[in-house]
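# Reading the structure
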Amino acid sequence: MSDMKLVVVGAGGRMGRTLVRIVSETPGVTVHAAIERDGSPVIGEDAGILAGIGEIGVPLTTDVLAAVVGADGILDFTAPAATVEFAELAAQARIAHIIGTTGCSAEDEARIDAAARHATVVKSGNMSVGVNLLAVLVEQAARALGPDFDVEILEMHHRHKVDAPSGTALLLGEAAARGRDIKLDDYAVRSRDGYTGPRPQGAIGFATLRGGSVVGDHTVYFAGAGERLELRHVAEDRAQFAKGAVRAALWARGRKPGRYDMADVLGLKD
């Protein structure tokens, strides 16, 4: 089988450059096109040079329609507004769409679901293998420990991150909620300030830190009477997210249209 041709969107950004590098280093995939927003100062530059791996003959472009012609998939760690547009484009082209974008609204998710009727969509709050394994452990711990243990999720990211809580924190919160057989939206506490009163029974709390160049640091606390369990994941390099995204793309190739996540890719639902 020929190499899977992947379009990297947001290719001039930190994550985009990492994706270009990882795709170029991974057997079975190739960078088919590299997309950037209108007005970007790096339009026309070679994606490989920007990624630090040398010239690969793929200049950054704003012509999305031309970029998708002949492609097998899109790698997308951009912003919600852009992601829903790429989802619709992937649906029209009947190709895979791998989404690492976070901060999507309910309306955005509905549009992605609609696109998944024709595209193979893999979307996750975190593409890392380690984080998705952590989510399984969190679900198991929440089920075993029960409501007598309070759940708190602490996350820290770099100063440039624009959404909070992080997609990963929400992914972990959803895992805890599944373990308790509840809906996260009914029990999530995302902020505390002033006189809050006692902690609500069964709450799943979130705390957010931002600063420096932190790639990603997540800890899930299960706090009981007289004991505490902490499950933690630390991301030290964006390459882990890119590797997971490429793995997801290869998994999605030739698979029937639908909405999937990294637990499907990794076989963690079996």
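Please read these numbers as outputs of a predicted model, since none were measured by experiment. (Residues numbered from 1 in each chain as written. Predicted model: local features only at pLDDT ≥ 70, side-chain atom pairs only at ≥ 80, totals over all residues. Heavy atoms only, no water.)

On the basis of which strands lie adjacent, the open sheet formed by five strands has the order β8-β9-β7-β10-β11 and mixed pairing. The open sheet has two free edges, formed respectively by β8 (188-189) and β11 (227-235), since each of these has just one partner strand. Bridge count for strand β10 (residues 216-224) against β11 is nine bridges, and the pairing is antiparallel. Counted as the bridge partner of H218 is H233 from β11. (Pairing = 2+ DSSP bridges. Helix = DSSP H or I, 4+ residues; strand = E, 2+ residues; numbered from the N terminus.)

Domains assigned within the protein chain are domain 1 (4-123 + 238-266) and domain 2 (129-235). For domain 1 versus domain 2, the separation of C-alpha centres amounts to 28 Å. On the domain 2 side, the residues contacting the nine residues of domain 1 number nine residues. Summed over both sides, the interface between domain 1 and domain 2 buries roughly 740 Å², with carbon and sulfur atoms accounting for 64% of that surface. (Domains from an automatic or database assignment. Contact = heavy atoms within 4.5 Å. Buried area = accessible area lost by both parts, 1.4 Å probe.)

Before going further, it helps to spend a moment on a nonpolar patch on the surface. A cluster of nonpolar residues, L133, L137 and L268, forms a patch on the protein surface that exposes about 230 Å² of accessible area. Inspection of the secondary structure puts L133 in helix α6 (residues 129-145). Assessed through its relative accessible area of 44%, L133 is described here as partly exposed. (Patch = residues over 30% accessible without salt bridge, like charges linked within 9 Å, V, L, I, M, F, W, Y side chains within 5 Å. Areas by Shrake-Rupley, 256 points an atom, 1.4 Å probe, with all protein chains shown as cover. Salt bridge = Lys/Arg side-chain N within 4 Å of Asp/Glu carboxyl O. Buried < 20%, exposed > 50% of the residue type's maximum accessible area, 1.4 Å probe, protein only.)

The next subject is the pairing of strand β6 (residues 120-123). Here β6 shows no split at all, with T120 and V122 on one side and V121 and K123 on the other all buried. In the sheet, strand β5 (residues 96-99) pairs with β6 via four bridges, with the strands oriented parallel. Bridging across to β6, H97 finds its partner in V121. The parallel pair β5 and β6 is bridged by helix α5 (residues 106-115), and the resulting crossover is right-handed. By the bridge criterion, three bridges tie β6 to strand β12 (residues 258-260) in an arrangement that is parallel. When the sheet's bridge partners are listed, T120 is paired in β12 with G258. (Right-handed = clockwise from strand over helix to strand, strands pointing away.)

Before going further, it helps to examine the UniProt feature "binding site: (S)-2,3,4,5-tetrahydrodipicolinate" (unreviewed entry) in the protein chain. UniProt's entry tags H158, G167 and T168 with the feature "binding site: (S)-2,3,4,5-tetrahydrodipicolinate" (unreviewed entry), counted in the numbering of this structure. Set against the largest pocket, the annotated residues named above that line it are H158, G167 and T168. In this structure H158 comes out as buried when scored by relative accessible area, which is 11%. H158 has contacts with R14, R210, G211, G212, S213, V214 and R238, leaving out every residue within four places of it along the chain. Turning to its location among the elements, T168 is positioned in helix α7 (residues 167-180). Judged by relative accessible area, which is 4%, T168 ranks as buried. If sequence neighbours within four positions are ignored, T168 has contacts with G125, N126, V131 and H218. (UniProt positions renumbered as here; feature names shortened; annotations may be inferred. 1 Å grid on protein atoms, 1.4 Å probe; cavity = no way out; pocket = protein on both sides within 12 Å on 5 of 7 lines; lining within 4 Å.)

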